[in-house]
Amino acid sequence: MLDYFKKYLEQKSLKLTRQRTAIAQMFLAKKGHICVDELYYTLRKKYPSIGHTTVYRTIKLLKNAKIAAEMNFTGKRKRFEQVLDRKHHDHFICRKCGKVIEFFDSDLERRQEKICKKYNFDSKQHQMQIFSICGKCQGKGK
C-alpha cells in the first residue's frame, strides 16, 4: 500500500519523505479507528521530532488518496480507518464508552440496494452507523 501512496504523491508532484513514510506505515499497521492525536503520540515515541501538523497533513493526503476514510462517530473527534483493500462494513457505536464494532450483513446490503433502486439512486457508497449502548455498558457482559 505504501507503493500506492507513493504513486499518488508523485501524481501530485509531492515527495514520499521519511516522515510521511513513517506516518503512513504506522497508520496502515493500526487496526480499527484512530484519531490524529493517537497516531501522533504513538509516533512521537519512536520519532520525537515529528510534528503534529505533519501527521495531520499526511492523514489528509492518505484520505485524499482514498487509503484512509474519515469517520466521526461522536461529533467530537474525527477518526480514520484504512479502507484500501478492505471490504465494505458498517458500524455500531456505543454512546456511553465509545466502543466501535464493525459488521457486515449481506441481507441488509441487498435491502439497501433495493431501496436505492426504488428511489432511483445509484448507490456508489454509503455509511451506516448505529448508535446505542453496548452490552458491557448495559451490564450484560461481553
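Residues numbered from 1 in each chain as written. Predicted model: local features only at pLDDT ≥ 70, side-chain atom pairs only at ≥ 80, totals over all residues. Heavy atoms only, no water.

Participant: What should I look at first to understand the overall build of the protein chain in this one?
Facilitator: Scanning the protein chain for helices and strands turns up five helices and five strands. Listed N to C, the secondary structure of the protein chain is α-α-α-α-β-β-β-β-α-β in terms of helices and strands. In terms of overall dimensions, the protein chain has a C-alpha envelope of 45 × 40 × 20 Å along the principal axes. Taking the intrachain contacts of the protein chain between residues at least 6 apart in sequence as the baseline, contacts between residues at least 24 apart amount to 49%. When the accessible surface of the protein chain is split by element, carbon and sulfur atoms take 50% of a total near 10200 Å². In the protein chain, the 33 positive side-chain charges and the 14 negative ones have mean positions that sit 6 Å from each other. (Helix = DSSP H or I, 4+ residues; strand = E, 2+ residues; numbered from the N terminus. Contact = heavy atoms within 4.5 Å. Areas by Shrake-Rupley, 256 points an atom, 1.4 Å probe, with all protein chains shown as cover. Lys, Arg positive; Asp, Glu negative; His and termini not counted. Charge placed at Lys NZ, Arg CZ, Asp CG, Glu CD.)

Participant: What's the story with the sheet that holds strand E5 (residues 129-132) in this structure? I'm lost.
Facilitator: Strand pairing in a sheet takes place through backbone hydrogen bonds and is either antiparallel or parallel in direction. Read from one edge of the open sheet, three strands run E4-E3-E5, paired in mixed fashion. Strands at the two margins of the open sheet, each flanked by one partner only, are strand E4 (100-103) and E5. For this sheet, the mean inter-axis angle between neighbouring strands, taken without regard to orientation, is 20°. As paired elements, strand E3 (residues 90-94) and E5 share four bridges and run parallel to each other. The residue bridging Phe 92 from the neighbouring strand is Ile 130, located in E5. (Pairing = 2+ DSSP bridges. Axes fitted to C-alpha atoms, helices over the stretch in contact; angles between N-to-C directions.)

Participant: Where do I start with unusual backbone geometry in this structure?
Facilitator: Negative phi values dominate among residues other than glycine, just as trans dominates among peptide bonds. Unusually for a residue other than glycine, Lys 66 sits at a positive phi of about 65°. Unusually for a residue other than glycine, Asn 120 sits at a positive phi of about 60°. With respect to the helices, strands and loops of the structure, Asn 120 is situated in the loop between helix H5 (106-118) and E5.

Participant: It is not clear to me how the nonpolar core should be interpreted in this structure. Could you clarify?
Facilitator: Inside soluble globular proteins, nonpolar side chains tend to come together where they are buried. Core analysis: the biggest nonpolar cluster contains 24 residues, and Phe 5, Phe 27, Leu 39, Leu 43, Val 55 and Leu 62 have the highest contact counts within it. Going through the elements one at a time, helix H1 (2-11), helix H2 (18-29), helix H3 (36-46) and helix H4 (52-64) are the ones with two or more residues in this core. Here the element with the most residues in this core is H2; it accounts for six residues. Those residues in contact with Leu 62 that lie beyond four places of it in its chain are Phe 5, Ala 24, Phe 27, Ile 67 and Ala 68. (Core = buried A, V, L, I, M, F, W, Y, C linked by side-chain atoms within 4.5 Å. Buried < 20%, exposed > 50% of the residue type's maximum accessible area, 1.4 Å probe, protein only.)

Participant: Help me out: how do you make sense of H1 in this one?
Facilitator: The periodicity of an α-helix, 3.6 residues per turn, causes residues three or four places apart in sequence to face the same way. All of the buried residues in H1 are Phe 5, Tyr 8 and Leu 9. Along the long axis of H1, the arc covered by the buried residues comes to 100°, so they all point the same way. Across from the buried face of H1, at angles greater than 90 degrees, the exposed residues are Asp 3, Lys 7 and Gln 11. Here the buried face of H1 lies against H2 and H4. One or two steps after H1, the chain reaches Ser 13, where phi turns positive at roughly 60°. (Arc of directions from axis to C-beta.)

Participant: What should I look at first to understand the pattern of salt bridges in this one?
Facilitator: Between side chains of opposite charge, a pair can form when the charged atoms approach closely. This structure, assessed with the given rule, holds four salt bridges. For Glu 70, the salt bridge identified is with Lys 63, shortest N-O distance 2.8 Å. Close ionic contact of Glu 70 with Lys 78 constitutes a salt bridge, the shortest N to O distance being 3.8 Å. The class for Glu 70 is partly exposed, based on a relative accessible area of 27%. Bridged by salt links that share partners, the residues Lys 63, Glu 70 and Lys 78 form one connected network. (Salt bridge = Lys/Arg side-chain N within 4 Å of Asp/Glu carboxyl O.)

By themselves, these observations are geometric and do not establish any function.
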